[in-house]
Amino acid sequence: KINKKLPMMNATQYLDKVQQGIPGAMDNGARVDWMDEILQTPFNQTYSINLKGGSANTSYIASFDYTSNEGIVKRSKVDMIYPRINVVHRMFDNKLKIEANLNGYQRKYDIGYSNDVYQSALIFNPTSPVKDENGNWTEIARDMIFNPVALLNETKGENKSTNLRAYSAITLIPVEGLDIKFLISNETYNNFSGYYETKKHKSTTISKKNGYASRSTARNENTMMELTAQYNKQFNNSHNLNALAGYSWNKWNYQSASMDNYDFPSDDYSYNNMGLGNALKEGKANQSSYQGENKLIGFFARVNYNYKGKYFISASMRHEGSSKFGKDHKWGNFPAMSLAWNIKGEQFLNNIQA
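Keep in mind that what you see is a predicted model, and the values were worked out from it rather than measured. (Residues numbered from 1 in each chain as written. Predicted model: local features only at pLDDT ≥ 70, side-chain atom pairs only at ≥ 80, totals over all residues. Heavy atoms only, no water.)

### Overview of the overall build of the protein chain
Secondary structure summary: the protein chain contains six helices and 12 strands in total. Computed over the C-alpha atoms, the radius of gyration of the protein chain is 32 Å, more than 25% above the 20 Å expected from 2.2 N^0.38 for a compact globule of 354 residues. Looking at the protein chain as a whole, 31% of its 354 residues qualify as buried. In the protein chain, once contacts between residues fewer than 6 apart in sequence are set aside, the share between residues at least 24 apart is 60%. About 21900 Å² of surface is accessible on the protein chain, with carbon and sulfur atoms providing 52% of the total. Positive and negative charge centroids in the protein chain, built from 41 and 33 side chains respectively, lie 8 Å apart. (Helix = DSSP H or I, 4+ residues; strand = E, 2+ residues; numbered from the N terminus. Rg over C-alpha atoms; globule rule 2.2 N^0.38 Å. Buried < 20%, exposed > 50% of the residue type's maximum accessible area, 1.4 Å probe, protein only. Contact = heavy atoms within 4.5 Å. Areas by Shrake-Rupley, 256 points an atom, 1.4 Å probe, with all protein chains shown as cover. Lys, Arg positive; Asp, Glu negative; His and termini not counted. Charge placed at Lys NZ, Arg CZ, Asp CG, Glu CD.)

In structure tokens:
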């Protein structure tokens, strides 16, 4: 609920202004609490299922969550689904480990109203009926203040989005201290949005749109592959060496499309038959689409060495190529080095980068 409402006049207080002859104050014969007309007591619910198990070599975790939350404004609601599964399997005396993970969410919410609904409910004449004697919405168009219940009921729409993340990795330990790992991951985001204003909406009664529709889609995908070899060894309890070498590949792709149209023959089509609107045929509607893609490839290596935990040296090198780089500079080298020591509590660090 709204914990603190704005101190707006109710119908009785407004009628006092009418009787006082305040300019612009008019008694239209009804007694309406517009906030009560648009607000609701929301009902929220959450359900969750979790599973865990496995054997000596295999373990898994799986979960599924569903949440449904209504808002305080009527026709406002969000539904969310969260699936997740993670499996780890080991074999050959733990020399080989396989991991797989899948998680994400699906979200859906109504977009059947705008911020104008709440604003109009605050300032609409509390003596105006919701509908007139002919069953039409009461409007005060001259003041550009619109019937909030009409705004709420003469629109329909939804927004759906799905985000799915998949990850898999294989780790091999052929000899003690050496880990070879290959991983691949993909994250995909899809979004759909559709919106419609009927022939009884203010966009028709005021702006003569005769039914207005819009819809849009978007897709964003990120794919990555990486192969690394890491060696970690200690010699004579004094020398510690950690070396890493690898290759990585990334690709991002983004696509979107949107359009709107108006002047439809019927409200039955909503935003599901965009081509029927006459505005598109007359060149008055909007359409757009876009796609973008870029890639990043890298070879990298890093060496860390310390002697008895007192003297440290680290060096790294990345050789990267990107589709975002200039035509004659698609590849670049990025070296870095640091030296440090810790003797009797005195520390010193020197970074060298290029």
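### Structural notes on the environment of Trp331
Looking at the secondary structure, you find Trp331 in strand E11 (residues 331–343). Look at Trp331 and you get partly exposed, because its relative accessible area is 44%. A sequence separation of 10 residues divides Trp331 from Gly321, and the C-alpha atoms of the two residues are 4.1 Å apart. Filtering out sequence-adjacent residues up to four positions away, Trp331 remains in contact with Ile297, Phe299, His319, Glu320, Gly321 and Phe325.

### Topic: the packing of aromatic side chains
The full count for this structure, using the stated rule, is eight aromatic pairs. Site record: aromatic cluster; members linked through ring pairs are Tyr247, Phe299 and Trp331. Here the basic side chain of Lys131 rests over the ring of Trp137, its NZ or CZ set 4.5 Å away from the ring centre. Across from the ring centre of Tyr262, 4.1 Å away, lies the NZ or CZ of Lys209, which sits over that ring. (Phe/Tyr/Trp six-rings, centres within 6.5 Å; stacked < 30°, edge-to-face > 60°. Lys NZ or Arg CZ within 6 Å of the ring centre and 35° of its normal.)

### Quick look at a nonpolar patch on the surface
A contiguous nonpolar patch, built from Ile49, Leu51, Tyr60, Phe64, Ile85, Val87, Leu102 and Leu164 and spanning about 670 Å² of accessible area, is present on the exposed surface. At the level of secondary structure, the elements contributing two or more residues to the nonpolar patch comprise strand E1 (44–54), strand E2 (58–70) and strand E3 (77–91). With respect to the helices and strands, Ile49 occurs in strand E1. The exposed category is assigned to Ile49, whose relative accessible area is 53%. (Patch = residues over 30% accessible without salt bridge, like charges linked within 9 Å, V, L, I, M, F, W, Y side chains within 5 Å. Salt bridge = Lys/Arg side-chain N within 4 Å of Asp/Glu carboxyl O.)

### Points about the nonpolar core
Grouped together as the largest cluster of nonpolar side chains are 19 residues, with contacts concentrated most on Trp34 and Ile38. Contributing elements (two or more residues each) for this core: helix H2 (34–38), helix H3 (116–123) and helix H4 (148–153). A total of four residues in this core trace back to one element, the largest contributor, which is H4. Sequence-distant contacts of Ile38, that is, excluding residues within four places in its chain, are made with Ile72, Val73, Lys74, Val117, Tyr118, Ala121, Pro148 and Leu152. (Core = buried A, V, L, I, M, F, W, Y, C linked by side-chain atoms within 4.5 Å.)

### Looking at the pattern of salt bridges
Taken as a whole, this structure holds eight salt bridges when the rule is applied. Between Asp27 and Arg31 there is a salt bridge whose closest N-O contact spans 3.3 Å. Salt-bridge contacts for Lys97 lead to Glu99; the nearest nitrogen and oxygen are separated by 3.8 Å. Accessibility expressed as a relative area gives 24% for Lys97, which makes it partly exposed. Owing to a relative accessible area of 18%, Glu99 belongs among the buried residues under this scheme. Sharing partners across several salt bridges, the network here consists of Lys108, Glu158 and Lys160.

### As for unusual backbone geometry
Of note in this structure, Lys208 is not a glycine but carries a positive phi near 60°. Structurally, the position occupied by Lys208 is in the loop between helix H5 (202–205) and strand E7 (212–235).

### Digging into the side chain of Asn306
Relative to the elements of secondary structure, Asn306 occurs in strand E9 (residues 287–307). Here Asn306 is in contact with Ser238, His239, Asn240, Tyr311 and Phe312, once residues within four sequence places are set aside.

### A short note on the environment of Gln40
Note that Gln40 resides in the loop between H2 and E1. Setting aside chain neighbours within four positions, we find Gln40 in contact with Glu70, Gly71, Ile72, Val73, Lys74, Arg75 and Ser76. A polar contact is formed between the side chain of Gln40 and the backbone oxygen of Gly71, at a distance of 2.8 Å. (Polar contact = N/O pair within 3.5 Å; in protein donor to acceptor, adjacent residues only side chain to side chain.)

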